[in-house]
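# Results of the structural survey
So the chains spell out like this:
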Amino acid sequence: MLKVPLRDVDASLKENGCGSRFAIVTVDFEPAAAFELVDATHPARSRQEWADGVASTRPRLSGGDDLRAYKNAFADAVRQELGRAAVKVILTRLRYHEVDSSERAFVLAARHTARELYRRVPCRLSRPVRGVRVRDAGVYHRGARYAAGITVDFEPADEYAFVSTVDSRRVPKDHVATVREVFHEEAGGQSVRIVLTGEEHDNVLAFRFRDVAHQAVSELRAHLRPAE
């Protein structure tokens, strides 16, 4: 996928305010025959290293259970995002905050990692991919069931485009808008046409479609090849 290494790629997440998310992540990307993830991190030497660029926080210096959990969350999410790509991902820096960090924050940092790779490596589809269906379903804590799903086509194109052909009288506009936003964020720099051909919803709000759309993006990336 890569011809030359990409060094010191920042995939950090710093969101302040209610529901803060904090995950400091730096990676290198190297050419490889298949996906590989290497942990090359080392302990921070000083509190200031943890606190760079963050106001009114008190980052933790040592690891323990939190650090292992965050590294595992990041590793699992990176494998999900890039596991079918021929690239070596080297985790060179990981820092977290004792209050504002969470496993979810490092899952999102893994998504940023994949986004940064594909932003730097323009890719194309060699042929159309039809009928890609992804779905998220489960049960809320009070027993009510929910479901959210989409069906999409991926088509080769000269530039990025997103088109919806679903029935606007049946499908809430904010569901389509959420899917469009995710594809634009994650694949907006690729030469591909995304066609939303189907949508399923049962007892869900629009935010559920973010994770569904991210699953579809992962399917898209499995079919992308570097542009010549």
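Basis of the calculations
- Residues numbered from 1 in each chain as written.
- Predicted model: local features only at pLDDT ≥ 70, side-chain atom pairs only at ≥ 80, totals over all residues.
- Heavy atoms only, no water.
- Axes fitted to C-alpha atoms, helices over the stretch in contact; angles between N-to-C directions.
- Helix = DSSP H or I, 4+ residues; strand = E, 2+ residues; numbered from the N terminus.
- Left-handed = near helix turned anticlockwise from the far one by under 90°.
- Contact = heavy atoms within 4.5 Å.
- Nonpolar A, V, L, I, M, F, W, Y, C, P; charged D, E, K, R; others polar.
- Salt bridge = Lys/Arg side-chain N within 4 Å of Asp/Glu carboxyl O.
- Buried < 20%, exposed > 50% of the residue type's maximum accessible area, 1.4 Å probe, protein only.
- Pairing = 2+ DSSP bridges.
- Phe/Tyr/Trp six-rings, centres within 6.5 Å; stacked < 30°, edge-to-face > 60°.

Moving on, we come to the packing of helix H2 (residues 65–82) against helix H3 (residues 103–120). Contact pair H2 / H3: the axes reach a minimum separation of 8 Å and the direction vectors enclose 40°. Considering how the two elements wind past one another, H2 and H3 form a crossing that is right-handed. For the pair H2 and H3, the contacting residues are Ala69, Tyr70, Ala73, Phe74, Ala77, Val78, Glu81 and Leu82 in the first and Glu103, Phe106, Val107, Ala109, Ala110, Arg111, Thr113, Ala114, Leu117 and Tyr118 in the second. Grouping the amino acids of the contact of H2 with H3 by side-chain chemistry returns 14 nonpolar, one polar and three charged.

Bringing the pattern of salt bridges into the picture now. Throughout the structure, instances matching the rule amount to 24 salt bridges. Ionic pairing is found between Arg115 and Glu186, a salt bridge with its closest N-O pair at 2.8 Å. Taken together, the positions of Arg115 in helix H3 and Glu186 in helix H4 (residues 173–187) put the pair 71 residues apart, joining distant regions of the chain. For Glu186, a relative accessible area of 4% translates into the label buried. Each of Glu81, Arg104, Arg111, Arg115, Glu186, Asp211 and Arg221 takes part in a single network of salt bridges with overlapping partners.

Counting buried positions along strand E8 (residues 145–156) yields ten of twelve residues, so the element is predominantly enclosed. Here strand E7 (residues 129–139) runs beside E8; their pairing, made up of nine bridges, is antiparallel. Residue pairing in the sheet places Gly138 in a bridge with Tyr146 of E8. Taken together, E7 and the strand that follows it, E8, pair antiparallel across an intervening segment of five residues, in which Gly143 is found at a positive phi of about 100°. Strand direction decides the pairing type here: E8 and strand E10 (residues 192–202), joined by ten bridges, are antiparallel. Counterpart to Gly149 in the pairing with E10 is Glu200.

Turning our attention to the environment of Glu81. Position of Glu81 among the secondary structure elements: in helix H2. Glu81 has contacts with Ala110, Arg111, Ala114, Ser218 and Arg221, leaving out every residue within four places of it along the chain.

Turning our attention to the sheet that holds strand E9 (residues 161–164). Strand order in the open sheet made by the four strands is E7-E8-E10-E9, with mixed pairing throughout. Lying at the two open borders of the sheet, with one neighbouring strand each, are E7 and E9. Each neighbouring strand pair of the sheet contributes to a mean axis angle of 25°, computed without reference to strand direction. Strand contacts of helix H5 (residues 208–223): E7, E8 and E10, with the helix running at about 30° to E8, the strand carrying the most contacts.

The subject of this paragraph is the packing of aromatic side chains. On inspection of all chains with the given rule, the structure shows five aromatic pairs. With centroids separated by 5.1 Å and ring planes inclined at 70°, the aromatic side chains of Tyr70 and Tyr96 adopt a geometry described as edge-to-face. Here Tyr96 lies in the loop between strand E5 (87–95) and H3 and Tyr70 lies in helix H2, a separation of 26 residues in the sequence. The pair Tyr70 / Tyr96 is uniform in exposure class, with both members buried. Members of the aromatic cluster, each reached through a chain of ring pairs, are Tyr70, Tyr96 and Phe106.

A separate point is the packing of H3 against H5. At a closest axis distance of 13 Å, the pairing of H3 and H5 adopts a crossing angle of 35°. H3 and H5 meet at a crossing whose hand is left-handed. Between H3 and H5, the residues in contact are Arg104, Arg111, Ala114, Arg115 and Tyr118 and Asp211, His214 and Arg221, respectively. When its residues are assigned to classes, the contact of H3 with H5 shows two nonpolar, one polar and five charged.

One can find Asp153 in strand E8. Look past the residues within four positions of Asp153 in its chain and what remains in contact with it is Val129, Arg130, Gly131, Arg193, Ile194, Val195 and Thr197.

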